[in-house]
Amino acid sequence: MGAVVRDKWPLRFAMGLLAGFGGLYALYSLAKRWQQQQEDRDVGCCQSKTQNLLRRAIDLGANSQEIEDCHQGHVLVNPHDGLEQQHLQVILDLLRQTSDTSIREDVLVTIGNSAAFTVNQDLIRNLGGLNVIANCLLDEVTSVKVKAMNALTNLSLNVANQEELKTWIPQILKMQEAATLNSELQVAGLRMLTNISVVSTHHHLMINYIPHFLKLLVEGTENVKVQALKILVNLSTDLELTHDLLCAQVPPLFLLFDNTISKEFLIRMLVFIAILKENMNLLNNTVQYEYKVESLHSVIFGNSTHFFQKIASLMLYQDPEVRQHMARIIV
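**Q** Would you mind showing me how to read the overall build of the chain here?
**A** For the chain, the count of helices and strands is 18 helices and 2 strands. Looking at the chain as a whole, 50% of its 331 residues qualify as buried. Contacts in the chain between residues at least 24 apart in sequence constitute 71% of all its contacts with a sequence separation of at least 6. Element-wise, carbon and sulfur atoms account for 51% of the exposed surface of the chain, whose accessible area totals about 16200 Å².

This is the structure we're talking about:
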């Protein structure tokens, strides 16, 4: 393996740091642009902070395992090692201190990629990074919000992170509801809420948005419909939310089954209905509720003839998984 030229080490290491972990951007490039931004402002103290940050990024190379790509001449960090604390600290500091949109986007993408590793999910939380990233949701630039949401989606796979992010859930719910229909921001918000709703801890925060998720099943693209349905399925597993789901108002053109829907959507819809029916059976001898005509309960179970006609139309499906969930509803 060839020797590393000392004066080129900072650039090579920074490029390798991100490339080795699936990142698409060079840390050196980010820091350099940030340095230029600060220099343009001609603020001496900011220049000093920038230089310190660059020096820290350079110093990261001293104890890192090196792999040289003889074809490209780059030194890469071993991708099997996982980012270390000082690496994450540098990019979090960069995110915290810069207002440059392109830099913030690049850093958020890098953090999102690193969050695929469980150890990094914990490190980012311990470094106070969750709030730093979540604060990017308040950025005026939509693309920054999207990338922040994507990073938080990966980080929210961690239960401890979910607990710390719970104060942001109302904000995320409002953002995805207010976002342009089928936009990247709405999809990103739905993906994060899907992860958050896997456990029932924060289900109560989503109750008022059930009609919104149902509305997306009608108005959304295939991707939006599937994401919204994932959330509804997660909520339906919470027995205490059964009434809230069943009494929710559905949009006028709400169709449970349509010839154009995909198999993925169909199966999730069948699962959703099957769980609701099973929950109703469990609660059968408890409180009796009256449901309005436009409620989900009335649409699914109120007019049994109409509902079972739709179910019967699925008998042509030969897929065993579809038939399995149909049986859960019919029996």
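**Q** What is the right way to look at the environment of Val271 in this model?
**A** The topology assignment puts Val271 in helix α15 (residues 263–282). Beyond its immediate stretch of four places on either side in the chain, Val271 contacts Val233 and His325.

**Q** Where do I start with the pattern of salt bridges in this structure?
**A** Pairing between side chains of opposite charge can happen when the charged atoms of each approach one another. The tally for this structure, following the rule as stated, stands at 7 salt bridges. Measuring nitrogen to oxygen at the nearest pair gives 3.1 Å for the salt bridge that ties Arg125 to Asp122. Of this pair, Arg125 and Asp122 both sit in helix α6 (residues 118–126), 3 residues apart, which is roughly one turn of the helix. For Arg125, a relative accessible area of 18% corresponds to the buried category.

**Q** What exactly am I supposed to notice about the side chain of Ser236 here?
**A** Tracing the backbone shows Ser236 in helix α13 (residues 222–236). A polar contact is formed between the side chain of Ser236 and the backbone oxygen of Val233, at a distance of 2.6 Å. Excluding anything up to four places from it in sequence, Ser236 contacts Leu245, Phe272, Ile275, Leu276 and Asn279.

**Q** Is there a simple way to think about unusual backbone geometry in this case?
**A** Peptide bonds are, in most cases, trans, and in most cases residues other than glycine have a negative phi. Within the chain, Asn182 stands out as a residue other than glycine whose phi angle is a positive 70°. Its place among the elements puts Asn182 in the loop between α10 (169–178) and α11 (184–196).

**Q** I'm lost on α11 in this one. Help?
**A** Turn by turn, an α-helix covers 3.6 residues, leaving residues three or four places apart pointing in a common direction. For α11, with 13 residues, the first-to-last C-alpha span of 18 Å sits near the 18 Å given by 1.5 Å per residue. By the criterion of burial, α11 is predominantly enclosed, with 11 of the 13 residues buried. Taken residue by residue, α11 has Leu185, Gln186, Val187, Ala188, Gly189, Leu190, Met192, Leu193, Thr194, Asn195 and Ile196 as its buried positions. Looking at the buried positions of α11, the neighbouring elements they touch are α8 (142–155), α9 (159–165), α10, α12 (210–219) and α13.

**Q** Could you clarify how one ought to interpret the side chain of Gln162 in this entry?
**A** Relative to the assigned elements, Gln162 resides in helix α9. Excluding residues that lie within four positions of it along the chain, Gln162 makes contacts with Ser156, Asn195, Ile196, Val199 and His202.

**Q** Is there a simple way to explain the packing of α8 against α11 in this structure?
**A** Two elements in contact, α8 and α11, have axes separated by 9 Å at closest approach and are oriented at 20°. In terms of their interaxial angle, α8 and α11 are classed as roughly parallel. Between α8 and α11 lies a crossing whose hand is left-handed. Note on element contacts: α11 touches α8 through Glu184, Leu185, Ala188, Gly189, Arg191, Met192 and Asn195, opposite Thr142, Lys145, Val146, Met149, Asn150, Leu152 and Thr153. For the contact of α8 with α11, a count of residues per class yields 6 nonpolar, 5 polar and 3 charged.

**Q** Explain a nonpolar patch on the surface here, please?
**A** Taken together, Phe308, Met315 and Ile330 make up a surface patch of nonpolar side chains, about 260 Å² in accessible area. Looking at the element boundaries, Met315 is found in the loop between α17 (304–312) and α18 (320–330). Accessibility expressed as a relative area gives 41% for Met315, which makes it partly exposed.

**Q** Would you explain the environment of Ser298 in this entry?
**A** Assignment of secondary structure puts Ser298 in helix α16 (residues 296–302). Ser298 gets classed as buried once you look at its relative accessible area, which sits at 17%. Linking Ser298 and Ala248, residues 50 residues apart in sequence, is a C-alpha distance of 10.0 Å.

**Q** Help me understand the packing of α12 against α13, please; the structure alone is not making it clear to me.
**A** Geometry of a packed helix pair, given as the angle between the helix axes and the separation of the axes. Where α12 contacts α13, the two axes come as close as 8 Å, and the packing angle between them is 140°. In this structure, α12 meets α13 at a crossing whose hand is left-handed. The residues of α13 that touch α12, namely those facing Ile210, Phe213, Leu214, Leu216, Leu217 and Val218, are Val224, Lys225, Ala228, Leu229, Ile231, Leu232 and Leu235. Across the contact of α12 with α13, the residue classes break down as 12 nonpolar, no polar and 1 charged.

**Q** Is there a simple way to explain α8 in this structure?
**A** For α8, spanning 14 residues, the distance from its first C-alpha to its last is 20 Å, which sits close to the expected 20 Å at 1.5 Å a residue. Among the residues of α8, those classed as buried are Val144, Val146, Ala148, Met149, Ala151, Leu152, Thr153 and Leu155.

**Q** Looking at this model, I keep getting lost on the nonpolar core. Mind explaining?
**A** What tends to happen in soluble globular proteins is that the nonpolar side chains get buried as a cluster. Core analysis: the biggest nonpolar cluster contains 81 residues, and Ile133, Leu214, Leu217, Leu232 and Phe272 have the highest contact counts within it. The dominant element in this core, judged by the number of residues it contributes, is α15, at 11 residues. Those residues in contact with Leu217, other than ones at most four positions away along the chain, are Lys225, Ala228, Leu229, Leu232, Phe254, Phe265 and Met269.

**Q** Is there a simple way to explain the confidence of the model for the chain in this structure?
**A** Confidence in the prediction of the chain, expressed as mean pLDDT, is 78, and 71% of residues score 70 or more. In the model, residues 1–26 has pLDDT below 50 throughout and makes 59 contacts with residues more than four positions away in sequence or in other chains. Low pLDDT, under 50, characterises residues 53–82; the predicted model gives this stretch 66 contacts beyond four residues in sequence or across chains.

Definitions and limits used
Residues numbered from 1 in each chain as written. Predicted model: local features only at pLDDT ≥ 70, side-chain atom pairs only at ≥ 80, totals over all residues. Heavy atoms only, no water. Helix = DSSP H or I, 4+ residues; strand = E, 2+ residues; numbered from the N terminus. Buried < 20%, exposed > 50% of the residue type's maximum accessible area, 1.4 Å probe, protein only. Contact = heavy atoms within 4.5 Å. Areas by Shrake-Rupley, 256 points an atom, 1.4 Å probe, with all protein chains shown as cover. Salt bridge = Lys/Arg side-chain N within 4 Å of Asp/Glu carboxyl O. Polar contact = N/O pair within 3.5 Å; in protein donor to acceptor, adjacent residues only side chain to side chain. Expected span 1.5 Å × (residues − 1). Axes fitted to C-alpha atoms, helices over the stretch in contact; angles between N-to-C directions. Parallel < 35°, antiparallel > 145°, perpendicular 65-115°, else oblique. Left-handed = near helix turned anticlockwise from the far one by under 90°. Nonpolar A, V, L, I, M, F, W, Y, C, P; charged D, E, K, R; others polar. Patch = residues over 30% accessible without salt bridge, like charges linked within 9 Å, V, L, I, M, F, W, Y side chains within 5 Å. Core = buried A, V, L, I, M, F, W, Y, C linked by side-chain atoms within 4.5 Å. pLDDT = per-residue confidence, 0-100.

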